[in-house]
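# Observations on the three-dimensional arrangement
In case you want the letters, here they are:
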Amino acid sequence: MIDNERTVTPETLQDEVKALFQGGYRLVTATCKDQGDDFEILYHFDRDLTLLNLRMTFPKDVEIPSISGSYLAAFLIENEMKELFGVKISGIAVDYGGKLLVTEETLQTPMLKSVEVTSVAASPDGGEE
Amino acid sequence: MSRQTVVPFGPQHPVLPEPVQLKLVLEDEKVVSVLPAIGYCHRGVEKAGEINDIHQNVFLVERICGICSFTHALCYCEGIEKIMGIEVPTRAKYLRVVWSELHRIHSHLLWLGLLADAFGFESLFMQIWRYREMVMDVLEKTSGHRFIVSTCIVGGVRRDIGDEDLDGILSTLKELEKGLDKVASVIYKDYTIRKRCIGVGVMSKEQAIQLGAVGPTARGSGVAQDARMLGYAAYADLKFEPVVETAGDSYARAVVRLREVYQSIDLVRQAIDRLTAGEVAADGAPVRVWRESTAGAPSSDIVAKVRGFPNGEVISRVEQPRGECFYYIKGNGTKNLERLRVRTPTYANIPTLLVTLPGCNLADVPIITLAIDPCFSCTER
């Protein structure tokens, strides 16, 4: 448990975020975690160097709304969560369609716990790099 | 009706130290809109952070970026120490300040040189980088490496700085200040610099907060926020205020960085003045912190004895040269972390380009982009 956190749901997320925007909070970032059957996203906000965190846990097949309507800067973080974790997010202000950080040749959704990564990269012709 | 053209700026461009592509939509010479595209140097650091053990991760995170290297390690170590309740010795806290501020000085001098290079002021660029070499020599003398100093470890620092080297740092900073005064007079008075930077890439204070800008990018727009005010390491004992300018343009961001170099020199002096004798790592019995295959025994440098593994979650923030760096760390009582999340300052500052670039001339795009001091190896991890 981290300091100063509140629990939100996909249904209440946008209203809570809008209230923070109107309260002068700055979006710091969001942290996504793979919890097995669920995702957990922590949204981190700051005002005068005091953090406020929103914690949201939801099943992996649930689509969550974007917060980029309130915080435009969230578009980078939400695209990253979509690509690296496979989180379904609707309404991102600038949607890169899965091509922000990863490409077709790289691992898809690499941050999922089910995706195992070894320390040696295999080259396309089967040798080691 | 003007015809719109799409011009790709990057990923390779003389003014960009690292790759990013900005797709610029132009009407004649004016930028109408911009779409940033990153991903050219994504290395999967957060995934690697779950595979390595907690001590190996110090080596991992300090290689996220060569310029902010020490502050990445510091942010990570501060987080692990907080979860595990490790008390860092006082001397180590001050040494952490010394290395952090030396990094800030060399990063800002690097940037000021690149700014001069961006509009063709080559002699100023070379002069600034010549002064920067004095700081690189200090880093090499105190740690053995110019960039990735590898002195921060969980529990303290790996090396001490002796009295002779501390005197050397002070005399180097004295010489650096003399050189800096000459550079500052050019930056404040030169017609070319002022013409190219004043009124270019303006962002208001409200826009800076709404877009989540941090560091000199935000402080150049009047946002008086500096993560050092949180009091990590020994900053709580030092006297300083955030350096702020209010014009919100590229010139303001340059002046903030220039003034922060002077501030960092003062902070190093304060830290050295307050250094007391003592251990530099918690409970300092030497242990191996690297893999079995490492050749040779640990040197006489002190390494930390840290018992156990982190169990819990923590947020750690430090002020890197480019702004607030944010680490979220979650441990589960094993030697591997459950989650390592890194948000670097450039990641927060990229969205400001969506506001500062539209409306500017194509010729101003390099200056405005450079004004956020972009570091894409940090951004993409």
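Placed above this text is the structure.
Presented here is an overview of the structure given in this document. (Residues numbered from 1 in each chain as written. Chains lettered and ligands numbered in written order. Predicted model: local features only at pLDDT ≥ 70, side-chain atom pairs only at ≥ 80, totals over all residues. Heavy atoms only, no water.)

## Side note on the nonpolar core
Within soluble globular proteins, side chains that are nonpolar generally end up buried alongside one another. We count it as follows: The nonpolar core is taken to be a set of buried Ala, Val, Leu, Ile, Met, Phe, Trp, Tyr and Cys residues, with the residues joined through side-chain atoms within 4.5 Å. For each residue, the accessible area found with a 1.4 Å probe, counting protein chains only, is set against the maximum for its type, and the residue is called buried under 20%, exposed over 50%, and partly exposed in between. Here a strand is any run of E in DSSP of at least two residues, a helix any run of H or I of at least four, and the numbering for each starts at the N terminus. Contacts are assigned to residue pairs that have any heavy atoms within 4.5 Å of one another.
By size, the foremost hydrophobic cluster in this structure holds 147 residues, and its most contacted members are Tyr43(A), Val87(A), Tyr76(B), Tyr327(B) and Leu357(B). Tallying contributions element by element places helix H4 (residues 90–118) of chain B first for this core, with 15 residues. Ignoring sequence-local partners within four residues, the contact set of Tyr43(A) consists of Leu13(A), Thr29(A), Ala30(A), Leu52(A), Asn53(A), Leu54(A), Met56(A), Ile64(A) and Ile67(A). Judged by nonpolar contacts, the second largest core, of seven residues, contains Ile2(A), Val28(A), Ile315(B) and Phe326(B).

## Observations regarding the pairing of strand S2 (residues 21–27) of chain B
All names here are of chain B. Spelled out, the test is: We treat two strands as partners when DSSP finds at least two bridges between them.
Counting buried positions over the seven residues of S2 gives five, a clear majority of the element. Relative to S2, strand S1 (residues 4–9) runs antiparallel, the two being bridged by six bridges. Within S2, the position partnered with Val6 by the bridge is Val25. Judged from the seven bridges that link them, S2 and strand S3 (residues 30–37) form a sheet pairing that is antiparallel. The partner of Leu26 across the bridge, within S3, is Val31. Where S2 folds back on S3, the antiparallel hairpin that results is connected by two residues, among which Asp28 adopts a positive phi of roughly 55 degrees.

## Section: the interface of chain A and chain B
Heads up, the rule is: Buried area adds together the accessible area that both of two parts lose upon being put together, with accessible area traced by a 1.4 Å probe. Between Lys or Arg on one side and Asp or Glu on the other, a salt bridge is scored when a side-chain nitrogen of the former is within 4 Å of a carboxyl oxygen of the latter. Any pair of nitrogen or oxygen atoms within 3.5 Å is treated as a polar contact; in protein, a donor-acceptor pairing is required on top of that, and neighbouring residues in sequence qualify only through side-chain atoms on both sides. Each residue gets one label: Ala, Val, Leu, Ile, Met, Phe, Trp, Tyr, Cys and Pro are nonpolar, Asp, Glu, Lys and Arg are charged, and the others, such as Gly, are polar.
The interface is formed by 42 residues belonging to chain A together with 39 residues belonging to chain B. Interface area for chain A against chain B, summed over the two sides, is near 3300 Å², with a carbon-plus-sulfur share of 59%. Taken together, the links from chain A to chain B amount to seven salt bridges. As a salt-bridge pair, Lys33(A) and Glu313(B) come within 3.4 Å of each other at their nearest N and O atoms. Linking chain A with chain B are 23 residue pairs in polar contact (both at pLDDT 80 or more). When contributions to the side of chain A that touches chain B are tallied by element, the ones reaching two or more residues are strand S2 (26–34), strand S3 (38–47), strand S4 (50–59) and helix H2 (74–85) of chain A. Among the elements that make up the side of chain A that touches chain B, the one with the highest residue count is S2(A) (eight residues). Each residue belonging to the side of chain A that touches chain B can be placed in one class, and the counts come to 27 nonpolar, seven polar and eight charged.

## Some points on the packing of aromatic side chains
For any pair of aromatic rings, geometry is given as the distance between the ring centres together with the angle between the planes. Residues and elements named next belong to chain B. Counted only if it meets this: Here a pair means two rings of Phe, Tyr or Trp (six-membered ring of Trp) with centres within 6.5 Å. Their orientation is stacked below 30 degrees between planes, edge-to-face above 60, and tilted elsewhere.
Evaluated as defined, the whole model comprises nine aromatic pairs over all chains. When the ring of Phe70 is compared with that of Trp99, the centres are 6.0 Å apart and the planes differ by 40 degrees; the resulting orientation is tilted. Of this pair, Phe70 sits in helix H3 (residues 69–84) while Trp99 sits in helix H4; the two residues are 29 residues apart in sequence, bridging distant segments of the chain. Here Phe70 matches Trp99 in class, with each residue buried.

## Points about helix H1 (residues 13–22) of chain A
All names here are of chain A. Let me state the cut-off plainly: Directions are taken from the helix axis to each C-beta atom, and the arc is the one they span.
Taken residue by residue, H1 has Leu13, Val17 and Leu20 as its buried positions. Viewed along the axis of H1, the buried residues span an arc of 55 degrees, placing them on a single side of the element. Exposed side of H1, more than 90 degrees from the buried face: Asp15 and Gln22 are the residues found there. Buried residues in H1 make contact with strand S1 (5–7), S3, S4 and strand S5 (63–65). Downstream of H1 by one or two residues, Gly24 has phi in the positive range, about 85 degrees.

## Observations regarding the sheet that holds strand S8 (residues 337–343) of chain B
Residue and element names in this part refer to chain B. Just so we agree on the cut-off: For helices, the fitted axis covers only the stretch in contact; all axes are lines through C-alpha atoms, and the angles between them, taken along N-to-C directions, range from 0 to 180 degrees.
With respect to topology, three strands assemble into an open sheet ordered S6-S7-S8, the strand pairing being antiparallel. Taken across any chain shown, the strands that pair with only one partner, and hence form the sheet edges, are strand S6 (311–320) and S8. This sheet shows a mean twist of 10 degrees between the axes of neighbouring strands, independent of strand direction. Note that S6 and strand S7 (residues 323–332) share 10 bridges and pair antiparallel. By the bridge assignment, Gln320 is partnered in S7 with Gly323.

## Details of the environment of Leu102(B)
All names here are of chain B. Position of Leu102 among the secondary structure elements: in helix H4. Classification of Leu102 by relative accessible area gives buried; the value is 1%. Distance in space between the C-alpha atoms of Leu102 and Leu166 is 13 Å, their sequence separation being 64 residues. Setting aside anything within four residues of it in sequence, one finds Leu102 in contact with Val135, Val138, Leu139 and Val268.

## Considerations on a nonpolar patch on the surface
We count it as follows: Patch criteria: residues need more than 30% relative accessible area and no salt bridge. Like-charged residues are merged within 9 Å; nonpolar side chains of Val, Leu, Ile, Met, Phe, Trp and Tyr are merged within 5 Å. Here the open area of atoms and residues is found with the Shrake-Rupley method and a 1.4 Å probe, where only the protein chains shown may cover a residue.
A contiguous nonpolar surface patch, about 230 Å² in accessible area, is contributed by Leu107(A), Val117(A) and Ile51(B). Its place among the elements puts Ile51(B) in helix H1 (residues 45–51). Assessed through its relative accessible area of 42%, Ile51(B) is described here as partly exposed.

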